[in-house]
Amino acid sequence: MNLPRTNPDQKADQKLNNTLASKLDPNNHRARNNAMGMMALVTSIHEQEAQIREGGGAKSIEAQHAKKRLTARERVALLLDPGTELFELALFAAFKMYEEWGGAPSAGAVTGLGRVAGRLCMIIANDATVKAGAFFPMTAKKVIRAQTIAMENRIPTLYLVDSAGVFLPLQEDVFPDQDDFGRIFRNNAVMSAMGIPQITAIMGMCVAGGAYLPVMTDHVLMTEGSGLFLAGPALVQAAIGQKYSAEELGGASMHAEISGTVDFKEPNDHLCIARLRSLVAKIGQSQQAPFSKIPYHADKDAPKYGASDLYSLLDPDPAKAAVNSYDTHELIARIVDRSEFDEYRPDYGRTLICGYARIGGTAVGIVANQKTSQPQTSHTGEKRIEFGGVIYSESAEKAARFIMDCNQNLVPLIFLHDVNGFMVGRDAEWSGIIRAGAKMVTAVSNSTVPKISVIIGGSFGAGNYAMCGKAYDPRFIFAWPTARYAVMSGASAANTLVEIKIRQLERGGKQLSDKEKEELLASIKATYEEQTDCRYAAARLWVDAIIDPAKTREALMTALEAASLNPDVAKFNAGILQT
């Protein structure tokens, strides 16, 4: 058999060059304006975060200290390994909600991923400075979301309990439903059955239904002066006429010596946390996930371009959310190892970028909306320009196939949203946009490898679904301060809503002047813009965290590390695809 000869013009030392080249100039006029606007927005977010972290305020913190107890954030800081920080989740939970009750900063709880004795753990801590740590509706949902992340990723979970139980004025929204208070205890049981380590430290009150949480975990620690009971002294006296002290009913000594409910009795918060750290250090290692991961060096494998460049990438003006134009390769080049990216079908379906890379040594598949308009040749040979941020039939077909490939080859998926939606119009309908879009949504829905979403700018309409929005089970979903969440962009929606309102008024016999129409448009637009803001979404847990754009790579590395703790990947079955 004659083997093909090597072309003498080919050099033996030729190497693949998959390093993304950058054309982003942070010093040009537009980039500088973008950066100033973005940094102002990031600063504003940071200031609000600092205010939220104050919890119930200085007086409530003093009251907690007067009881010789640490605050929730002081406890978390003591629990974490020295030199590490909490990757906080749902900090903006309940933001601007429950104002008639004085508000509930961060829903009265602290949740996040932190390193304890070298182990990545999910930490859930009641903040007793906020209404004595009582559970508002969003508190229950926040704890459930943290538990869900822990279950999906098999993360050891540590509970720091200091709570008066359900916030009674809102009990009908906390108590009965599937995603309410009772689901927390159900999750405790399910997590235990899954073999996920759970340890609880009671460092304050643990009352009523909340008393079940610690006892349904693997280990229970309790400090002297704390209380664990189904009913406190006042309720017991009112219900059955018996009068007992809190210590007699459910103090640490009683539970350590008589009921046998607690495993470790500790004199104070500091020693309780020291014991908790000691127990975490002895948890065995589980199997790791089957994803490709290679040794990683923080300096040698860093992106070739600075993360701070991302401040200049897009205009943070909310009015520009649907029309921002930038090359998304610039973003990818600043979050992947060595800025190396193997792009999949780069010349086809160009409004979606798909390709393979590594982040922190872990192999990932990236699906990202391209925000610059792209040339495309149709199946009939017609040349056209396709709008950036819009999903066309070709791009949906390409992404669906890529997502299936990643599942076939056990590659976690990263979705970078800045999407206006799917293309509309006669040509789009004739091209089978609904069929192609359904294929992409089906692939996303049935994907079994970890999915992580980052909303960069707009995430509008069905584009949010196709790009793995909250309804499609991303392991984590993060948002830049510029993220906008809605059925459609603010300007389009406001004009539509105004027309509807004007028709309603005209049917009622009222004619509006031009000035009144302008005022109505401004009012509706302001309301809509507030509802599309990332903080509005974060308050309702539609996103897990608002992240600094320059910290995007770090957030993804933490999320991928968490995802790698789950060794089980279900068999991928795409179901019926429209072809």
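As a reminder, the structure under discussion sits directly above these lines.
In this report, we go over the structure that sits alongside the text. (Residues numbered from 1 in each chain as written. Predicted model: local features only at pLDDT ≥ 70, side-chain atom pairs only at ≥ 80, totals over all residues. Heavy atoms only, no water.)

### Section: the overall build of the protein
Turning to step 1, where the next piece is worked out: Helix and strand counts for the protein stand at 19 helices and 20 strands.
Turning to step 2, where the next piece is worked out: A globule of 579 residues ought to have a C-alpha radius of gyration of about 25 Å, and the protein, at 27 Å, matches this closely.
Turning to step 3, where the next piece is worked out: If you line up the protein on its principal axes, its C-alpha atoms span 90 × 85 × 50 Å.
Turning to step 4, where the next piece is worked out: Within the span of the protein, comprising 579 residues, buried residues form 52% of the whole.
Turning to step 5, where the next piece is worked out: Excluding contacts between residues fewer than 6 apart, the proportion of contacts in the protein whose partners are at least 24 apart in sequence is 75%.
Turning to step 6, where the next piece is worked out: Within the structure as shown, the protein displays about 26500 Å² of accessible surface, and the carbon and sulfur contribution to it stands at 53%.
Turning to step 7, where the next piece is worked out: Charge separation in the protein, taken as the distance between the mean sites of 61 positive and 64 negative side-chain charges, equals 3 Å. (Helix = DSSP H or I, 4+ residues; strand = E, 2+ residues; numbered from the N terminus. Rg over C-alpha atoms; globule rule 2.2 N^0.38 Å. Buried < 20%, exposed > 50% of the residue type's maximum accessible area, 1.4 Å probe, protein only. Contact = heavy atoms within 4.5 Å. Areas by Shrake-Rupley, 256 points an atom, 1.4 Å probe, with all protein chains shown as cover. Lys, Arg positive; Asp, Glu negative; His and termini not counted. Charge placed at Lys NZ, Arg CZ, Asp CG, Glu CD.)

### Remarks on the nonpolar core
Turning to step 1, where the next piece is worked out: By size, the foremost hydrophobic cluster in this structure holds 71 residues, and its most contacted members are Ile366, Phe478 and Trp480.
Turning to step 2, where the next piece is worked out: If you tally residues by element for this core, the top one is helix H4 (residues 137-153), at 7 residues. (Core = buried A, V, L, I, M, F, W, Y, C linked by side-chain atoms within 4.5 Å.)

### Describing the packing of H4 against helix H5 (residues 181-193)
Between two packed helices, the angle of one axis relative to the other and the distance separating the axes together describe the packing.
Turning to step 1, where the next piece is worked out: The interhelical angle for the contact between H4 and H5, taken along N-to-C directions, is 20°, at an axis separation of 9 Å. By the angle class used here, H4 and H5 are roughly parallel. For the pair H4 and H5, the sense of crossing is left-handed. Here Ala140, Val143, Ile144, Gln147, Ala150 and Met151 of H4 come into contact with H5, specifically with Phe181, Arg183, Ile184, Arg186, Asn187, Asn188, Val190 and Met191. (Axes fitted to C-alpha atoms, helices over the stretch in contact; angles between N-to-C directions. Parallel < 35°, antiparallel > 145°, perpendicular 65-115°, else oblique. Left-handed = near helix turned anticlockwise from the far one by under 90°.)

### Some thoughts on the packing of aromatic side chains
Turning to step 1, where the next piece is worked out: Throughout the structure, instances matching the rule amount to 14 aromatic pairs.
Turning to step 2, where the next piece is worked out: A ring pair is formed by Phe185 and Tyr212, whose centres lie 6.4 Å apart and whose planes are at 55°; its orientation type is tilted. Of the two residues, Phe185 is situated in helix H5 and Tyr212 in helix H6 (residues 212-215); the sequence distance between them amounts to 27 residues.
Turning to step 3, where the next piece is worked out: An aromatic cluster is defined as three or more aromatic residues linked by ring pairs; in this entry it consists of Tyr98, Trp101, Phe136 and Phe167. (Phe/Tyr/Trp six-rings, centres within 6.5 Å; stacked < 30°, edge-to-face > 60°.)

### Details of the side chain of Lys451
Turning to step 1, where the next piece is worked out: Tracing the sequence through the fold places Lys451 in strand S17 (residues 451-460).
Turning to step 2, where the next piece is worked out: Look at Lys451: it is buried, it has no salt bridge, and the nearest opposite charge is Asp473 at 5.4 Å.
Turning to step 3, where the next piece is worked out: Here Val444 takes part through its backbone oxygen, which lies 2.9 Å from a polar atom of the side chain of Lys451.
Turning to step 4, where the next piece is worked out: In contact with Lys451, other than residues within four places in its own chain, are Leu413, Phe415, Val444, Ser445, Cys468, Tyr472, Asp473, Pro474, Arg475 and Phe476. (Salt bridge = Lys/Arg side-chain N within 4 Å of Asp/Glu carboxyl O. Polar contact = N/O pair within 3.5 Å; in protein donor to acceptor, adjacent residues only side chain to side chain.)

### Here's the deal with the environment of Ala526
Turning to step 1, where the next piece is worked out: Topologically, Ala526 is positioned in helix H17 (residues 514-532).
Turning to step 2, where the next piece is worked out: By relative accessible area, Ala526 is classed as partly exposed at 48%.
Turning to step 3, where the next piece is worked out: The sequence separation of Ala526 and Asn464 amounts to 62 residues, and the corresponding C-alpha distance is 22 Å.

### With respect to unusual backbone geometry
Turning to step 1, where the next piece is worked out: Despite not being glycine, Lys68 has its phi angle at roughly 60°, a positive value.
Turning to step 2, where the next piece is worked out: Inspection of the secondary structure assignment puts Lys68 in the loop between helix H2 (58-66) and helix H3 (72-79).
Turning to step 3, where the next piece is worked out: Even without a glycine there, the phi angle at Tyr98 is positive, about 60°.
Turning to step 4, where the next piece is worked out: Mapped onto the fold, Tyr98 is located in the loop between strand S1 (87-89) and strand S2 (109-116).

### A look at the side chain of Arg75
Turning to step 1, where the next piece is worked out: Residue placement: Arg75 occurs in helix H3.
Turning to step 2, where the next piece is worked out: Arg75 gets classed as buried once you look at its relative accessible area, which sits at 1%.
Turning to step 3, where the next piece is worked out: At 3.3 Å, the side chain of Arg75 and the backbone oxygen of Leu70 are in polar contact.
Turning to step 4, where the next piece is worked out: Separated by 2.6 Å, the side chain of Arg75 and the backbone oxygen of Met203 make a polar contact.
Turning to step 5, where the next piece is worked out: The contacts of Arg75, once residues within four sequence positions are left out, are Gln64, Arg69, Leu70, Leu160, Asp162, Met203, Asp269 and Ile273.

### Overview of the packing of H3 against helix H10 (residues 269-280)
Turning to step 1, where the next piece is worked out: Viewed as axis vectors pointing N to C, H3 and H10 meet at an angle of 40°, and their least axial separation amounts to 9 Å. For the element pair H3 / H10, the angle class is oblique. The way H3 lies across H10 gives a crossing that is right-handed. Taken together, the residues of H10 that come into contact with H3 (itself represented by Arg75, Leu78 and Leu79) are Asp269, His270, Ile273, Leu276 and Arg277.
Turning to step 2, where the next piece is worked out: In the contact of H3 with H10, the residues fall into 4 nonpolar, 1 polar and 3 charged. (Nonpolar A, V, L, I, M, F, W, Y, C, P; charged D, E, K, R; others polar.)

### Brief notes about the pattern of salt bridges
Turning to step 1, where the next piece is worked out: According to the stated counting rule, one finds 28 salt bridges in the structure shown.
Turning to step 2, where the next piece is worked out: Between Asp309 and Arg334 there is a salt bridge; the shortest N-O distance is 3.2 Å. Here the residue Asp309 occupies a position in the loop between H10 and helix H11 (328-333), and Arg334 occupies one in the loop between H11 and strand S9 (342-344), the gap between them amounting to 25 residues. Taken as a pair, Asp309 and Arg334 share a single burial class, namely buried.
Turning to step 3, where the next piece is worked out: Each of Arg53, Arg73 and Glu88 takes part in salt bridges that share partners, so that together they form one network.

### What to know about a negative patch on the surface
Turning to step 1, where the next piece is worked out: On the surface, Asp514, Glu516, Glu518 and Glu519 cluster together into a patch of negative charge.
Turning to step 2, where the next piece is worked out: Mapped onto the secondary structure, Glu516 falls in helix H17. (Patch = residues over 30% accessible without salt bridge, like charges linked within 9 Å, V, L, I, M, F, W, Y side chains within 5 Å.)

### Things to note about the environment of Glu88
Turning to step 1, where the next piece is worked out: Here Glu88 lies in strand S1.
Turning to step 2, where the next piece is worked out: With 474 residues separating them along the chain, Glu88 and Ala562 place their C-alpha atoms 14 Å apart.
Turning to step 3, where the next piece is worked out: Setting aside anything within four residues of it in sequence, one finds Glu88 in contact with Arg53, Arg73, Ser106, Val110, Thr111, Gly112 and Ala545.
Turning to step 4, where the next piece is worked out: For Glu88, the side chain forms a polar contact with the side chain of Arg53, separated by 3.4 Å.

### Points about the pairing of strand S4 (residues 157-163)
Turning to step 1, where the next piece is worked out: Counting buried positions along S4 yields 7 of 7 residues, so the element is predominantly enclosed.
Turning to step 2, where the next piece is worked out: Burial of S4 is two-sided: the residues Thr157, Tyr159, Val161 and Ser163 facing one way and the residues Leu158, Leu160 and Asp162 facing the other way are all buried.
Turning to step 3, where the next piece is worked out: Where strand S3 (residues 119-126) lies against S4, 4 bridges are found, and the strand directions are parallel. Within S4, the residue paired with Ile123 across the bridge is Leu158. (Pairing = 2+ DSSP bridges.)

### Some points on the environment of Gly204
Turning to step 1, where the next piece is worked out: Within the element layout of this structure, Gly204 appears in strand S5 (residues 198-207).
Turning to step 2, where the next piece is worked out: In contact with Gly204, other than residues within four places in its own chain, are Arg69, Val161, Asp162, Thr223, Ser226 and Gly227.

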